[in-house]
Structures are given as C-alpha cells and as structure tokens.
Amino acid sequence: MPTAPEVATHVPAAGPAHPAVGAATALLDGYSPGDRFLATPTRTLLAHGVEREVPHGTGPLPQRVAAALDAARAAGHRAPVVIGATPFDHAAPAALVVAESVRSAPPLTADPLIALPAEAPAATDWQIRPHPAPEVYGAGVAAAVERMWRGEFSKVVLARTLELTAPAPLDIPAMLQRLARRDPSGYTFALPTAPGRTLLGASPELLVSRRGPRVVANPLAGSAQRSPDLAEDVRRAAALLRSAKDLHEHAVVVDAVREALAPHCTALEVPEGPTLVRTATMWHLSTTVHGTLATPDASALELACALHPTPAVCGTPTDTAREVIGATEPFDRGFFTGMIGWGDAHGDGEWVVTIRCAEAAERSLRLYAGAGVVAASDPAAETAETAAKFRTFLHAVGAEL
C-alpha cells in the first residue's frame, strides 16, 4: 500500500488550484480499520488516534463538542478537529472524537487516480437475511398509508435492513475503496462506532455545511432507481421531475430545512423547484439552500442539530413519525439516519445524513435502506425503492439480493 504524501495536518478551507496527483487517493489507500476516513466534495480526511472522546451526557451535543475542542486546544493541540458519527436518536451516545492527527487533501474528484477501478470483491458465500421480510415491510407501509388517509400524519420514513454474514473476516478497506471509486463525488466514510464495529457507506446527502458566515444545506427527497439503459435512465429522471408524489415529498423537506435555518440566518436562498442529483444506483430530487449566518456563534454542528431529523429521514409531524417508526421497524436504527461529519474549533464543518450505509463487525454487515411514505405511496413501490438503495452497498461486497 503506497505511503501517503505529506499533506496538511489541519482541515483546509479549499484545495489548491492544481492539487497534487495522488494526494486524495493516498489517504484512501492509507486507511486502516480503527482510522476515521471521510471524503466530501470539498476535501478528503484521514484521522488517526484519539486525543479525547466527546463524552456522553445530558447537555446539548454542540456544547459537549465545543468543550472537547477547547480542552484539546488548551492541552496544546494546534488545530483540533472533531470527527465521527451521531445516532438517529438524539438521546443515544454519539461516536465523536477529537483526533490526535488529521491528514487532509483535496476532494477525491480532484485526483485523477480515483478513476482507476477498485479490485473486484472476492467470491464470498454470503448468507443474507432481510429484517423484516419484504412482505412485512410492505404491510408496515400499507398500515402507515391507511393512517395518513385518516389524517393522523402526513409522512413517515420507514426502513428495513439486510443482515449479511460471511465465512471469513471482512476486508473493510477494500469495501471502502469500492464505495469511494464508484461514487467519488458523494460523501464516503468509514468510522469506528464501538470496539470491533465500523460504520461505512457512501451518502449522497449533505445535511449542512458552514464555512465562516456561509451556510449550505442540500436536502434530498424523492427518488427513482436508475437504469443501465441510457434512454430508460433519462426517462426515469424526467418522470421523477414531474412526479406529483415525489415533488410533494420533496417540498415538505425543503420547507422544514427553511424553517430550521431561518432563525440562524440573515438571508436564505431557496430555489423555487428541485433539480436532480444522481448516484450510481439512484436519481434524487435535490434542492441546494444557501444562507448567511446572523452571528458567528452557530457552529456547523449546532445547525445540523437544529435540522436533524428532517422529514427526509423521519417524517412529519416529527413526534408522530418517530412513534410510527418505533412501532413499525423491528430494529434499532443506531447510527443509520443520524449524522456523520467533522467540525473545527472555529465552528466550520460538514455534517452529512447517514444513509447508504452499513454497520460492520468482524464477519457480518447490517445494511440499511429507507423510503419516504406519503398518502400516495404504494407498498410494492416503496419496497422496490429500498431494494434499489441496498445496491450501493451490495455492489461494494459482491452480493446480490
């Protein structure tokens, strides 16, 4: 494995005009289990070691993170960075640390070497168990739709899982390589969450970023599976842009983002309608929201906590959607539909919605996928959408449903 070149030990504001070839992929190649890797459209980060953990507690998470960063600076850390993951449940423990060192490089898309293909996954006799079974998931969707028609709530995001078991220990660095090289323009991550456990994936969705007074959020809601046939792929993209069901679902999320950010900003730019973003497997309706902070006090993590959970991962009204999720999903989401990202002592950072992900143990993976359910939803279509979303990670491990 090649040695990473000498790069910045702090998080850069932006990459150089002519980044060194191989700088970003060297960090990808340098990842080992136990490290913290995060690649975004603005930078690539590889963190080693733990300066200090962000403690669990009853106080607001942004305050605990700020205290950990301040303590690290007081102990002589020149440019401390917090990095890691937070769970869907605000009350559950996060997996955030101030790293001993953070190596940074420009984004993967700025490195021509990212175009080199990853090695194909080795043939593995995967044992795959859906949880719940697809028909049980469809029944849960149908029950939620019936309650919506009764006027109890307007949207809920329901998820299901696949539990994969391998006969040999998993090669997590190889999985990370395949995720990053297949969708280098997204948000690729591998983060330890507990001893022997790693959260890894490739999310398409930025929750919020802050750089100085500038704020960006990019909510996604409304999806369609891509097709290998170009004409059919274009037809599906065009149909998604015209879908009344998906446009309504998307508008609900954008309105929630606007409402959450407005108290923190002097100005917000919200486009009138969505555009499309694509991953290797899905089309998504996308709106990019730009804002200017009213004061410099609100960190990226504070803004992220104000936004989370958006209707894109929970539903609306939020409390009712949480109740439906708890009653319908026969598993704990853990870090799925939480947040992953980084932040510095100045309040800058990027926080990403934790989707298209899996939790890895020594010989097992738990994959997660969800779909937004509204009154116009069809249980079979939502089940098919979750199956399509599983493909991001199934491709990375060489498994098929």
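In what follows, the accompanying structure is described. (Residues numbered from 1 in each chain as written. Predicted model: local features only at pLDDT ≥ 70, side-chain atom pairs only at ≥ 80, totals over all residues. Heavy atoms only, no water.)

1. Concerning the overall build of the chain
1) Next: Of the regular secondary structure elements, the chain holds nine helices and 22 strands.
2) Next: In summary, the chain has a C-alpha radius of gyration of 20 Å against a globular reference of 21 Å for 401 residues, a match within 12%.
3) Next: With respect to the three principal axes, the spread of C-alpha positions in the chain is 60 × 55 × 40 Å.
4) Next: The buried share of the chain, taken over its 401 residues, is 54%.
5) Next: Just so you have it, the chain exposes about 16600 Å², and 55% of that area is on carbon and sulfur atoms.
6) Next: Charge separation in the chain, taken as the distance between the mean sites of 33 positive and 42 negative side-chain charges, equals 2 Å. (Helix = DSSP H or I, 4+ residues; strand = E, 2+ residues; numbered from the N terminus. Rg over C-alpha atoms; globule rule 2.2 N^0.38 Å. Buried < 20%, exposed > 50% of the residue type's maximum accessible area, 1.4 Å probe, protein only. Areas by Shrake-Rupley, 256 points an atom, 1.4 Å probe, with all protein chains shown as cover. Lys, Arg positive; Asp, Glu negative; His and termini not counted. Charge placed at Lys NZ, Arg CZ, Asp CG, Glu CD.)

2. Side note on the sheet that holds strand β16 (residues 282–286)
1) Next: Spatially, the three strands line up as an open sheet ordered β13-β16-β15, and their pairing is antiparallel. Since the sheet does not close on itself, it has two edges, and those belong to β13 (220–225) and β15 (275–278), each with one partner. Shown here is a sheet whose adjacent strand axes are inclined to one another by a mean of 30°, direction ignored.
2) Next: The sheet contact formed by β13 and β16 spans four bridges and is antiparallel. For Q225, the partnering residue across the bridge sits in β16 and is M282.
3) Next: Against the sheet, helix α5 (residues 230–242) makes contact with β13, β15 and β16, and its axis sits at roughly 30° relative to β16, the strand it touches most.
4) Next: Here helix α6 (residues 244–261) sits on the sheet and contacts β13 and β16; the angle it forms with β13, its principal contact strand, is near 150°. (Pairing = 2+ DSSP bridges. Axes fitted to C-alpha atoms, helices over the stretch in contact; angles between N-to-C directions. Contact = heavy atoms within 4.5 Å.)

3. With respect to the pattern of salt bridges
1) Next: Overall, the coordinates contain 20 salt bridges when judged by the stated rule.
2) Next: Where R366 meets E163, a salt bridge forms, and the shortest distance between an N and an O atom there is 2.4 Å. Note that R366 is positioned in strand β22 (residues 364–373) and E163 in strand β8 (residues 155–165), a separation of 203 residues in sequence.
3) Next: Overall, the relative accessible area of 22% leaves R366 in the partly exposed class.
4) Next: Among the salt bridges present, the one from R235 reaches E232, with a minimum N-O distance of 2.8 Å. Placement of the pair is R235 and E232 together in helix α5, with a separation of three residues, close to one helical turn.
5) Next: Given a relative accessible area of 46%, R235 falls into the partly exposed group.
6) Next: Within the structure, one salt-bridge network assembled from shared partners comprises E146, R147, R150, E152 and E323. (Salt bridge = Lys/Arg side-chain N within 4 Å of Asp/Glu carboxyl O.)

4. Section: the packing of helix α3 (residues 134–149) against helix α9 (residues 379–397)
1) Next: Look at α3 against α9: their axes get within 8 Å of each other, and the N-to-C directions meet at 125°. As judged from the angle between their axes, α3 and α9 are oblique. Once α3 is placed against α9, the crossing between them reads as right-handed. Contact residues: α3 offers P134, Y137, G138, V141 and A142, while α9 offers P379, E382, T383 and T386.
2) Next: Of the residues belonging to the contact of α3 with α9, the class tally is five nonpolar, three polar and one charged. (Parallel < 35°, antiparallel > 145°, perpendicular 65-115°, else oblique. Left-handed = near helix turned anticlockwise from the far one by under 90°. Nonpolar A, V, L, I, M, F, W, Y, C, P; charged D, E, K, R; others polar.)

5. Here we look at empty space enclosed by the protein
1) Next: Under the definition given, this model contains four cavities of 30 Å³ or more.
2) Next: Taken as a whole, the largest cavity encloses approximately 240 Å³ of empty space.
3) Next: Around the largest cavity, the lining is made up of 25 residues, and of these A312, I355, R356, G370 and K389 lie nearest the centre.
4) Next: Among the secondary structure elements, those contributing two or more residues to the lining of the largest cavity are β8, β13, α6, β22 and α9.
5) Next: The biggest single contributor to the lining of the largest cavity is β22, with five residues.
6) Next: Residues that form the lining of the largest cavity fall into these classes: ten nonpolar, six polar and nine charged.
7) Next: Considering the residues around the second largest cavity, the lining is formed by R178, L179, R182, D183, A202, A280, T281, T392, H395 and A396.
8) Next: Of all elements in the fold, only α4 (172–182) and α9 reach the threshold of two or more residues within the lining of the second largest cavity.
9) Next: A class-by-class count of the residues in the lining of the second largest cavity yields four nonpolar, three polar and three charged. (1 Å grid on protein atoms, 1.4 Å probe; cavity = no way out; pocket = protein on both sides within 12 Å on 5 of 7 lines; lining within 4 Å. Points joined across faces, edges and corners; volume = space filled by probe spheres on them.)

6. A few points about the packing of aromatic side chains
The description of two aromatic rings rests on the distance between their centres and on the angle between their planes.
1) Next: For the structure shown, the criterion picks out two aromatic pairs.
2) Next: Judged by centre distance (5.0 Å) and plane angle (10°), the rings of F336 and Y368 are stacked. Remark: Y368 occurs in strand β22 and F336 occurs in the loop between α8 (318–328) and β19 (339–344); sequence separation between them is 32 residues.
3) Next: Here F336 falls in the buried class, since its relative accessible area comes to 3%.
4) Next: Joined through ring pairs, the aromatic side chains of F331, F336 and Y368 make up one cluster.
5) Next: Across the ring face of Y137, the terminal group of R160 is positioned such that the distance to the ring centre comes to 5.9 Å. (Phe/Tyr/Trp six-rings, centres within 6.5 Å; stacked < 30°, edge-to-face > 60°. Lys NZ or Arg CZ within 6 Å of the ring centre and 35° of its normal.)

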